[in-house]
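Remarks on the overall topology
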Amino acid sequence: MDTKIIDGTSLARAVRAGLRSRVEALRSAGVVPGLAVVLAGDDPASRVYVRNKGRACTEVGLHSEQHDLPAQATEAQVLERVRLLNGDPRIHAILVQLPLPAHIRVERVLHAIAPEKDADGFHPFNVGLLATGHPAFVPCTPAGVMRMIESAGIAPEGRHAVIVGRSNIVGKPMAMLLLQANATVTLCHSKTRDLGEMTRQADILVAAIGRARFLTGDMVKPGAVVIDVGINRLPDTQGQGGKLAGDVDFQSVLGRASHLTPVPGGVGPMTIAMLLENTVLAAERSLKQA
Ligand code: NAP
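Structure report, in brief. (Residues numbered from 1 in each chain as written. Predicted model: local features only at pLDDT ≥ 70, side-chain atom pairs only at ≥ 80, totals over all residues. Heavy atoms only, no water.)

1. Here's the deal with the overall build of the protein
Rules: Counting from the N terminus, the helices are the DSSP runs of H or I reaching at least four residues and the strands are the DSSP runs of E reaching at least two. Here the radius of gyration uses the C-alpha set of atoms, whereas the globule reference equals 2.2 Å times the residue count to the power 0.38. Remark: exposure states derive from per-residue accessible area (1.4 Å probe, protein chains only) relative to the maximum for the residue type, with buried under 20%, exposed over 50%, and partly exposed in between. Any two residues having at least one pair of non-hydrogen atoms within 4.5 Å are treated as being in contact. Surface accessibility follows the Shrake-Rupley procedure with a 1.4 Å probe radius. Residue values consider only the protein chains on display as shielding. His is not counted, nor are the chain ends, whereas Lys and Arg count as positive and Asp and Glu as negative. To locate a charge, the coordinates of NZ of Lys, CZ of Arg, CG of Asp or CD of Glu are taken.
For the protein, the helix and strand inventory stands at 10 helices and 11 strands. Its C-alpha radius of gyration of 19 Å places the protein within 12% of the 19 Å reference for a compact globule of 290 residues. Seen through its C-alpha atoms, the protein measures out along the principal axes to roughly 50 × 40 × 35 Å. A burial count over the protein gives 49% of its 290 residues as buried. Here the analysis covers contacts within the protein between residues at least 6 apart in sequence; of these, 70% occur between residues at least 24 apart. Taken as a whole, the protein presents about 13,300 Å² of accessible surface, with 54% of it coming from carbon and sulfur. When the 31 positive and 27 negative side-chain charges of the protein are each reduced to one mean point, those points stand 0 Å apart.

Here it is, written out as structure tokens:
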């Protein structure tokens, strides 16, 4: 089978291009959409992600601010920073880069973000809206996946979507979005018995596990659409020089799936594009409420 590769890099470029006219319209109404990214600690991967997000903002004409806090910052200090940003009229969207240092309770911080500035859609108010079918801010990674599926001309309606991974940031919202698109959804996790039996039933298979090359070709139904959310850095010891790998074993799925997303160049760039879109959306809504 000829597997079509869904190119996240070029799709993200098209999303960014589409956002420029919306940013222009906002600017002519006197509003420059602003995103604040809070980074606590010195996780090297997080630093790279945050830098990429800042660059993408500049490219489409958004204002972006990076708020660095030291790894020893207290929970109260992080909460205080979020509160300041909640009240800052130049900031329309706030993202707290995860993971946070272990001594900081993630829930406390995410719950402190004003729901109308919740760029990642992780606040329980927005999670609830998504779960009840009235999404306001959709988490960026699953939103990006939906856009990729759409761009490939695949309608989830009536199909069996199997998601491996049930995190709050990827798996669960992914399930909500696919359900809303009328797919029949199965959500798998580390306690799922006979994972392969589940994944082989999938018309649409989403891998969000965090284990390099975990889903192999024999776990994929011929003709399935396979979306690889995973970003794993391979250890240098494998002679791979710290290369990135997805959760899907690309080579063994190639020729078996009808569609497949690469890593890098798949879901990653789309996640950033959706962040920009959520920021623009937040600014547009603030203007309507003014
Ligand atoms: P996570 O919070 O660690 O969740 C991983 C999920 O995978 C959990 O639900 C876990 O099950 C499940 N799992 C682990 N081992 C399994 C196994 N052997 N069989 C079946 N299920 C298993 O990870 P995450 O934050 O969702 O991220 C997942 C991956 O996506 C990571 O590689 C991450 O780097 C990547 N990611 C990429 C983007 C992007 O922009 N492309 C964004 C976010 C995340 P339990 O719940 O039972 O533990």
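Moving on from the coordinates now.
2. Overview of the packing of helix α6 (residues 140-151) against helix α10 (residues 267-289)
Here is the rule: Fitted lines through C-alpha atoms serve as axes, helices being fitted only where they are in contact, and the angles separating the N-to-C directions of these axes extend from 0 to 180 degrees. Oblique is the label for every angle not falling under 35 degrees (roughly parallel), over 145 degrees (roughly antiparallel), or within 65 to 115 degrees (roughly perpendicular). Under the convention adopted here, Pro, Cys and the residues Ala, Val, Leu, Ile, Met, Phe, Trp and Tyr are nonpolar, Asp, Glu, Lys and Arg are charged, and Gly plus all remaining residues are polar.
At a minimum axis separation of 8 Å, α6 and α10 run at an interaxial angle of 110 degrees. By the angle between their axes, α6 is roughly perpendicular relative to α10. Residues C140, T141, A143, G144, V145, R147 and M148 of α6 touch α10, and the partners they reach there are V267, M270, T271, M274, L275, E277 and N278. Per-class residue counts for the contact of α6 with α10 are 8 nonpolar, 4 polar and 2 charged.

3. Considerations on the sheet that holds strand β5 (residues 160-164)
In plain terms, the rule: Paired strands, in this sense, are two strands between which DSSP finds at least two bridges.
The parallel open sheet is built from 6 strands, whose spatial order is β1-β11-β8-β7-β5-β6. The open sheet is flanked by β1 (4-5) and β6 (184-188), the only strands paired with a single partner. With 5 bridges connecting them, β5 and β6 associate as parallel partners. Along β6, the bridge assignment pairs V164 with C188.

4. Concerning the site of the ligand
To be explicit about the condition: Residues are classed as near a molecule or strand on a simple rule: at least one heavy atom within 4 Å of it. Here a polar contact is taken to be a pair of N or O atoms separated by no more than 3.5 Å, where protein atoms must pair a possible hydrogen donor with a possible acceptor and residues adjacent in sequence count only if both atoms sit in side chains.
Residues in contact with the ligand amount to 23 residues; listed here are only the nearest, R166, S167, S190, V229 and T271. R166 is positioned with one of its side-chain polar atoms (N or O) 2.7 Å from an oxygen atom of the ligand. When the free accessible area of the ligand is taken as 930 Å², the share hidden by the protein chains comes to 72%. Sorting elements by how many residues they give to the shell around the ligand places α10 first, with 3 residues. Across the shell around the ligand, the residue classes tally to 10 nonpolar, 10 polar and 3 charged.

5. What to know about the nonpolar core
How we decide: Residue types Ala, Val, Leu, Ile, Met, Phe, Trp, Tyr and Cys, when buried and joined through side-chain atoms within 4.5 Å, form a set referred to as a nonpolar core.
Formed by 51 residues in total, the largest nonpolar core has its most connected members in L35, L178, V206, I227 and V229. Broken down by element, the residue count for this core peaks at 9 residues, all from α10. In contact with L178, other than residues within four places in its own chain, are M146, I149, P156, A161, I163, A183, V185 and V206.

6. Points about the side chain of S258
With respect to the helices, strands and loops of the structure, S258 is situated in the loop between α9 (250-253) and β11 (259-260). Reaching out from S258, the side chain makes a polar contact with the side chain of H259 at a distance of 2.9 Å. Apart from residues no more than four positions distant in its own chain, S258 is found in contact with M1, D2, T3, K4, G223, A224 and V225.

7. Side note on the sheet that holds strand β2 (residues 34-40)
Read across the sheet, 3 strands follow the order β3-β2-β4 without closing on themselves; strand pairing throughout is parallel. Where the open sheet ends on each side, the last strands, each with one partner, are β3 (63-69) and β4 (93-96). Pairs of neighbouring strands in the sheet enclose a mean axial angle of 15 degrees, with direction left out of account. Pairing of β2 with β4 involves 4 bridges; the strand directions are parallel.

8. With respect to the pattern of salt bridges
So the rule is basically this: Basic side-chain nitrogens of Lys or Arg form a salt bridge, by our definition, when they fall within 4 Å of a carboxyl oxygen of Asp or Glu.
Applying the stated rule across the entire model yields 10 salt bridges. Here R47 and D68 are joined by a salt bridge, their closest N and O atoms 3.8 Å apart. Of this pair, R47 sits in helix α2 (residues 44-60) while D68 sits in strand β3, and the two are 21 residues apart along the sequence. By relative accessible area, which is 40% here, D68 ends up partly exposed. R90 serves as the salt-bridge partner of E65, at 3.0 Å between the closest nitrogen and oxygen. Residue E65 is located in strand β3, and its partner R90 is located in the loop between α3 (75-86) and β4; the two are separated by 25 residues in the primary sequence. Residue classification places E65 among the buried residues on the basis of a relative accessible area of 15%.

9. Observations concerning α3
Applied cut-off: Multiplying 1.5 Å by the helix residue count minus one yields the expected span of that helix.
Between its terminal C-alpha atoms α3 stretches 16 Å, which fits the 16 Å expected from 12 residues at 1.5 Å a residue. Check the buried side of α3 and you find it contacts β2, β3, β4 and α4 (106-112).

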